[in-house]
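Here are the chains, one letter per residue:
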Amino acid sequence: MARKVIITCAVTGAIHTPSMSPHLPVTPEEIADAAIGAAEAGAAIVHLHARDPQTGKPDQSTAAFDKFLGVIKQRTSAVVNITTGGSPTMALEERLGPAAHFKPEVASLNMGTMNFGLYPMLARFKEFKHDWEKPYLEGSRDRIFKNTFADIEYILTTCAENGTRFEVECYDIGHLYTLSHMADRGVIKPPFFVQSVFGILGGIGPHPEDVMHMKRTADRLFGDQYRWSVLGAGRNQLPIAAQAAAMGGNVRVGLEDSLWLKAGRFAESNAEQVRAVRAIIENLGLEIATPEDARATLELKG
Ligand code: KMH
Ligand code: ZN
């Protein structure tokens, strides 16, 4: 039987701003439609952030998430994954609010404090409709995405009480060692869903050797106690997904991570990126995982 690959789709995030692409979902209706379209195209997991519908600014209030979670749950069986990263400008309590309130099957967990360079996008995108966009990007030159050991442990213990498991976002090799430390202390239980992030300025690069090194290290630390997934930022999205799928991994796509389908061509929807990665997976002779397959392999509460 062919191996099954879990596709996660991260539909809007907090990296891109609305002026960058007309296809970035912003309103609750757009976020719901994007998540439903992604699930219909083959995503087993939808990773969700919320935005203010007027300005597109990341909004981590429970009210903002409430406007789309119900319809997504009603119209799909996809695993719902709520961000605890929010955006790098938000404080920890604010970031944790929606996951603590809605108790999803999965929440993201960022495994280290880091620089998170959004400002290089200013070279490409120069016209902004909303006042917050340019300072948000510019400000990343001197902003820390704070995820201390205490922060990580606080998210782990709060969400674990609710039966929520984690998309463990590892932006560098050291983050795998932090996961190993937390596992040794018993504050996170296997199987670990390791989302290796490649190509964020401040984290590991997108070279195929970086992908190999991440997998080799995770294999050594966690053996069969983890499920590996990758996301490549921007133009690295599909090449890294293809490499990882061929190496036994799972994949994440979505407009949170890349606005593009290929060079010079915006993705017109999240579903379009899901279809593109699905074609790669199926052409490798693999199958896509259903939400139920994902629940079984990640041992989710369902
Ligand atoms: N934006 C991605 C690189 C989170 O939401 O917690 C990682 C992410 C973070 O999805
Ligand atoms: Zn996210």
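Below is a short write-up of the structure. (Residues numbered from 1 in each chain as written. Chains lettered and ligands numbered in written order. Predicted model: local features only at pLDDT ≥ 70, side-chain atom pairs only at ≥ 80, totals over all residues.)

**Re the overall build of the protein**
Here's step 1: Assigned secondary structure in the protein consists of ten helices and 14 strands.
Here's step 2: Relative to its length of 302 residues, the protein is compact, with a C-alpha radius of gyration of 17 Å against a globular reference of 19 Å.
Here's step 3: Each of the 302 residues in the protein was classed as buried or not, and the buried ones make up 51%. (Helix = DSSP H or I, 4+ residues; strand = E, 2+ residues; numbered from the N terminus. Rg over C-alpha atoms; globule rule 2.2 N^0.38 Å. Buried ≥ 20, exposed ≤ 12 C-beta atoms within 10 Å, placed from the backbone.)

**Section: helix 2 (residues 62-75)**
Here's step 1: The terminal C-alpha atoms of helix 2 lie 20 Å apart, and with 14 residues this matches the ideal 20 Å at 1.5 Å per residue to within 8%.
Here's step 2: Taken as a whole, helix 2 carries its principal kink of about 30° at phenylalanine 68.
Here's step 3: Within helix 2 the residues assigned to the buried category are Ala64, Phe65, Phe68, Leu69 and Ile72.
Here's step 4: Its buried side turned inward, helix 2 meets helix 1 (28-41), strand 3 (45-48), strand 4 (79-82) and helix 3 (92-102). (Expected span 1.5 Å × (residues − 1). Bend = angle between axes of the 7 residues up to and from the residue. Contact = placed C-beta atoms within 7 Å.)

**Topic: the site of ligand 1**
Here's step 1: Taken together, the neighbourhood of ligand 1 is formed by 13 residues, with Gly13, Thr83, Gly85, Ser108 and Val197 sitting nearest.
Here's step 2: Of the residues in the shell around ligand 1, the class split is four nonpolar, seven polar and two charged. (Near = placed C-beta within 6 Å. Nonpolar A, V, L, I, M, F, W, Y, C, P; charged D, E, K, R; others polar.)

**Here's the deal with the pairing of strand 5 (residues 106-110)**
Here's step 1: For strand 5, a buried count of five out of five residues is recorded, marking the element as mostly surrounded by other parts of the structure.
Here's step 2: Here strand 5 shows no split at all, with Val106, Ser108 and Asn110 on one side and Ala107 and Leu109 on the other all buried.
Here's step 3: Relative to strand 5, strand 4 runs parallel, the two being bridged by two bridges. Across the sheet, residue asparagine 81 finds its bridge partner in strand 5, namely valine 106. (Pairing = 2+ DSSP bridges.)

**Regarding the environment of arginine 278**
Here's step 1: Mapping arginine 278 onto the fold places it in helix 9 (residues 270-283).
Here's step 2: Since 21 C-beta atoms lie within 10 Å of it, arginine 278 is described here as buried.
Here's step 3: For the pair arginine 278 and valine 251, spaced 27 residues apart in the sequence, the C-alpha separation amounts to 9.7 Å.

**Notes on unusual backbone geometry**
Here's step 1: Going from proline 190 to proline 191, the amide bond is cis rather than trans, its omega being 0°.
Here's step 2: Phi is positive for lysine 103, close to 50°, though the residue is something other than glycine.
Here's step 3: Turning to its location among the elements, lysine 103 is positioned in the loop between helix 3 and strand 5.
Here's step 4: We classify lysine 103 as partly exposed; it has 15 C-beta atoms within 10 Å.
Here's step 5: The phi angle at glutamate 299 is positive, at roughly 55°, despite the residue not being glycine.
Here's step 6: Inspection of the secondary structure puts glutamate 299 in the segment after helix 10 (291-298).

**Overview of the nonpolar core**
Here's step 1: One finds Ile7, Val11, Ala35, Ala38, Ala43 and Val46 to be the most contacted residues of the largest nonpolar core, which totals 89 residues.
Here's step 2: Broken down by element, the residue count for this core peaks at eight residues, all from helix 1.
Here's step 3: Apart from residues no more than four positions distant in its own chain, alanine 43 is found in contact with Ile7, Thr8, Cys9, Ala38, Ala78 and Val274. (Core = buried A, V, L, I, M, F, W, Y, C linked by C-beta atoms within 7 Å.)

**Digging into the sheet that holds strand 11 (residues 250-253)**
Here's step 1: Pairing is parallel around the closed barrel formed by eight strands, whose spatial order is 2-3-4-5-8-9-10-11. With strand direction ignored, the average angle separating the axes of adjacent strands in the sheet is 25°.
Here's step 2: Contacts from helix 9 reach strand 2 (7-10) and strand 11 within the one sheet, and its direction differs from that of strand 2 by about 155°. (Axes fitted to C-alpha atoms, helices over the stretch in contact; angles between N-to-C directions.)

**A short note on the packing of helix 8 (residues 237-246) against helix 9**
Here's step 1: Relative orientation of the contacting elements helix 8 and helix 9 amounts to 30°, with a least axis distance of 10 Å. Looking at the two axes, helix 8 sits roughly parallel to helix 9. The hand of the helix 8/helix 9 crossing is right-handed. Judged by residue contacts, Leu238, Ala241, Ala242 and Ala245 of helix 8 engage Ala276, Val277, Ile280 and Ile281 from helix 9.
Here's step 2: Its residues placed into classes, the contact of helix 8 with helix 9 shows eight nonpolar, no polar and no charged. (Parallel < 35°, antiparallel > 145°, perpendicular 65-115°, else oblique. Left-handed = near helix turned anticlockwise from the far one by under 90°.)

**Details of helix 9**
Here's step 1: In a regular helix each residue adds 1.5 Å, so 14 residues correspond to 20 Å; helix 9 covers 20 Å between its end C-alpha atoms and thus fits that length.
Here's step 2: Those residues of helix 9 that fall on the buried side of the exposure criterion are Asn270, Ala271, Gln273, Val274, Val277, Arg278 and Ile281. Taken down its axis, helix 9 places every buried residue within 155° of arc, on the same side. Exposed residues on helix 9 whose side chains face more than 90 degrees from its buried face are Ala279 and Asn283.
Here's step 3: Within two residues after helix 9, glycine 285 carries a phi angle of roughly 85°, on the positive side. (Arc of directions from axis to C-beta.)

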